[in-house]
There are 2 protein chains.
Amino acid sequence: MQDSLRRFKADIFQALAHPTRIAIIELLAGGELSAGELIEKLGMEQANISQHLAVLRAKQLVVNRKAGNQVFYAVRDPIINKVLALMRRYFQKHLKEALELLGEMDGDPVVPRH
Amino acid sequence: MQDSLRRFKADIFQALAHPTRIAIIELLAGGELSAGELIEKLGMEQANISQHLAVLRAKQLVVNRKAGNQVFYAVRDPIINKVLALMRRYFQKHLKEALELLGEMDGDPVVPRH
DNA sequence: ATACTATATTCGAATGTTGGAATATTCAAT
DNA sequence: ATTGAATATTCCAACATTCGAATATAGTAT
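The structure reproduced in this document is the subject of the present report. (Residues numbered from 1 in each chain as written. Chains lettered and ligands numbered in written order. Predicted model: local features only at pLDDT ≥ 70, side-chain atom pairs only at ≥ 80, totals over all residues. Heavy atoms only, no water.)

What about the relation of the copies chain B and chain A?
Next up, step 1: Note on the identical chains: chain B maps onto chain A by a rotation of 180° and an axial translation of 0.0 Å, with an RMSD of 0.0 Å. In short, the pair behaves as if placed about a two-fold rotation axis. Within chain B, Phe13(B) has its C-alpha nearest the rotation axis, a separation of 2.6 Å.
Next up, step 2: Most of the interface of chain B is mirrored in chain A: 98% of its interface residues are interface residues there too. (Least-squares fit on C-alpha atoms with pLDDT ≥ 70 in both. Contact = heavy atoms within 4.5 Å.)

So, the interface of chain B and chain A
Next up, step 1: With 45 residues of chain B in contact, the opposing surface of chain A contributes 44 residues.
Next up, step 2: Summing the contributions of chain B and of chain A, the shared interface buries around 4700 Å²; its carbon and sulfur component is 71%.
Next up, step 3: It is Phe8(B), Phe13(B) and Tyr90(B) in chain B that bury the most area against chain A; as a group they hold 16% of the surface buried on that side.
Next up, step 4: There are six salt bridges connecting chain B and chain A.
Next up, step 5: Lys9(A) is the salt-bridge partner of Glu26(B), the closest N and O atoms lying 2.4 Å from each other.
Next up, step 6: Breaking the side of chain B that touches chain A down by element, the ones donating at least two residues are α1 (2-16), α2 (19-28), α5 (78-93) and α6 (95-105) of chain B.
Next up, step 7: Looking at the side of chain B that touches chain A residue by residue, the classes come out as 26 nonpolar, five polar and 14 charged. (Buried area = accessible area lost by both parts, 1.4 Å probe. Salt bridge = Lys/Arg side-chain N within 4 Å of Asp/Glu carboxyl O. Helix = DSSP H or I, 4+ residues; strand = E, 2+ residues; numbered from the N terminus. Nonpolar A, V, L, I, M, F, W, Y, C, P; charged D, E, K, R; others polar.)

Below is the structure:
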């Protein structure tokens with residue numbers, strides 16, 4: 001149980017572990033949006049967004065509602081928004097290190113080393 | 001900026017997206033532990049834990065302190081513990097669905113479909 | 001029935017992650 | 001200097017994730 005709880009949490013984090021999916025969740029924090037609206041606001045390929053939505057659906061982070069032609073998505077539980085809000089605080093707190101970290105990840109340091 | 005913030009968050013979630021790394025963070029919530037103690041408590045391969053610690057270090061989720069022979073690890077910022085605590089609440093709230101979800105992921109549904 | 005719009009799925013190549021085995025490093029003790 | 005204990009790193013095969021391209025499905029309107 002201890003272990004399957006951890007697998008569960010890991011799966012949720014996995015679902016959140018992509019910038020596009022984070023963007024989707026953050027957009028949905030403002031309320032329900034259709035897939036089309038998400039695609040438009042994100043300015044990315046339709047298929048790509050749809051794939052990311054499928055991941056979020058599979059892990060039940062979002063719920064969806066069909067309305068005629070369209071599918072409206074919403075975050076299933078506001079706890080997830082709280083998690084992202086905490087991450088925002090974390091980021092602000094460690095802004096400097098975070099920037100360096102991002103730079104290094106690109107192999108392109110923000111601040112040259114000594 | 002908007003986007004690199006999201007990449008940053010995604011990277012943190014990625015670092016958390018493994019049961020073993022979650023277990024490590026949760027063990028460290030009780031305070032500093034040496035790598036050896038972590039290995040013992042987790043009952044896994046030394047190399048494996050060390051690799052997971054390397055991931056957590058790279059994303060700066062943990063800090064480490066050398067003391068002679070040993071290396072002591074600690075969670076860098078309690079915000080991360082709060083994130084995991086929220087996940088615990090989320091899990092409890094959605095326990096039933098979560099179990100089914102875990103089951104399906106194994107290809108082994110908890111409740112057979114009619 | 002046909003055509004159109006919105007969304008989802010499948011496929012494949014590129015890329016990333018994982019764990020074990022083997023090896024390397026670092027410090028302490030003799 | 002050598003040995004031993006604690007930890008880290010490298011290499012590699014298996015597996016998972018990502019994206020775009022193409023295709024499929026579902027609903028609406030004609």
